[in-house]
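In case you want the letters, here they are:
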Amino acid sequence: MTGRPWKIPESVLVVIHTAALDVLLIQRADAEDFWQSVTGSKDLEDEPLALTAAREVAEETGILCGEGTPLAAQLQDWGLQNIYEIYPQWRARYAPGVTRNTEHLFGLCLPERIDPVLNPREHTAWQWLPYRDAADACFSPSNAEAILLLPQFAR
């Protein structure tokens, strides 16, 4: 790896949803059939998970939910985590020998469906779906499982 630090194998998954349990999915630019919720790794080992979650939501959708924003109280740490094998096509981003990632689950409840502003280097399309349909559309099994937990965590 040249010029970039290794990715930290600790990340967040943020299920963006409405009170009606509609879920926002975004399509990865580097994998056409890969629909997902917002995900991203910590920038620093000691970065608080809520900060990682708010930063990733802003970077990937343009939705501001960090401290001091009107949506800050709607960002909810679900207190759950997944540990999974990093897909082989993305392992080169991590230090040699790193094969597993710990993903922390969050939800972000929006007052209504909104049109996100995507970063075209990361995502090329978006869609709102009822939560069961969103789970079916996800490429990642852990993302689908998180979406299916939504009724337990929605306010």
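Residues numbered from 1 in each chain as written. Predicted model: local features only at pLDDT ≥ 70, side-chain atom pairs only at ≥ 80, totals over all residues. Heavy atoms only, no water.

Once that is clear, we can look at the overall build of the chain. Of regular secondary structure, the chain possesses four helices and seven strands. Over its C-alpha trace the chain gives a radius of gyration of 15 Å, about what one expects of a compact globule, namely 15 Å for 155 residues. Projected onto the principal axes, the alpha-carbon positions of the chain cover approximately 45 × 35 × 30 Å. Residues counted as buried form 48% of the 155 residues belonging to the chain. For the chain, long-range pairs separated by at least 24 residues make up 68% of all intrachain contacts whose partners lie at least 6 apart in sequence. (Helix = DSSP H or I, 4+ residues; strand = E, 2+ residues; numbered from the N terminus. Rg over C-alpha atoms; globule rule 2.2 N^0.38 Å. Buried < 20%, exposed > 50% of the residue type's maximum accessible area, 1.4 Å probe, protein only. Contact = heavy atoms within 4.5 Å.)

Our next topic: the pattern of salt bridges. According to the stated counting rule, one finds 10 salt bridges in the structure shown. The salt bridge partner of Arg28 is Asp30, with a shortest N-O separation of 2.8 Å. Residue classification places Arg28 among the buried positions, given a relative accessible area of 15%. Between Arg55 and Glu47 there is a salt bridge, with the nearest N and O atoms lying 2.9 Å from each other. As far as burial versus exposure is concerned, Arg55 and Glu47 are alike and both buried. Each of the salt bridges in this network shares a partner with another, and the network as a whole consists of Asp43, Glu47, Arg55, Glu56 and Glu59. (Salt bridge = Lys/Arg side-chain N within 4 Å of Asp/Glu carboxyl O.)

We now examine the environment of Pro111. Tracing the sequence through the fold places Pro111 in the loop between β6 (100-110) and β7 (123-130). Judged by its relative accessible area of 75%, Pro111 is exposed.

The subject of this paragraph is unusual backbone geometry. If a residue is not glycine, its phi is most likely negative; likewise, a peptide bond is most likely trans. For Leu21, which is not glycine, the phi dihedral falls at a positive 70 degrees. Positionally, Leu21 belongs in the loop between β1 (10-18) and β2 (22-28).

Turning to the nonpolar core, a few remarks are in order. With 19 residues, the main nonpolar core has Val14, Ile16, Val57, Leu75 and Leu108 as its most contacted residues. For this core, the secondary-structure elements that each account for two or more residues are β1, β2, α1 (49-61) and β6. When residues of this core are assigned to their parent elements, the largest contribution, four residues, is made by α1. Other than its neighbours up to four places away in sequence, Val14 contacts Ser37, Val38, Ala53, Val57, Leu75, Phe106, Gly107 and Leu108. Core analysis: the next-biggest nonpolar cluster, separate from the first, contains 18 residues, Leu13, Trp35, Tyr131 and Ile147 among them. (Core = buried A, V, L, I, M, F, W, Y, C linked by side-chain atoms within 4.5 Å.)

Applying the stated rule across the entire model yields six aromatic pairs. Ring centres of Trp78 and Phe153 lie 4.5 Å apart, and the angle between their planes is 10 degrees; this geometry places the pair in the stacked category. With Trp78 in strand β5 (residues 75-85) and Phe153 in helix α4 (residues 150-153), the pair connects residues that are 75 residues apart, well separated along the chain. On the accessibility criterion, Trp78 (5% relative accessible area) is buried. On the numbers, 5.6 Å between centres and 50 degrees between planes, the contact of Tyr87 with Phe139 is tilted. Residue Tyr87 is found in the loop between β5 and β6, and its partner Phe139 is found in the loop between α2 (131-137) and α3 (141-148); the two are separated by 52 residues along the sequence. Using a relative accessible area of 42% as the deciding quantity, one classes Phe139 as partly exposed. (Phe/Tyr/Trp six-rings, centres within 6.5 Å; stacked < 30°, edge-to-face > 60°.)

Without other data, these values stay purely geometric and don't point to any function.
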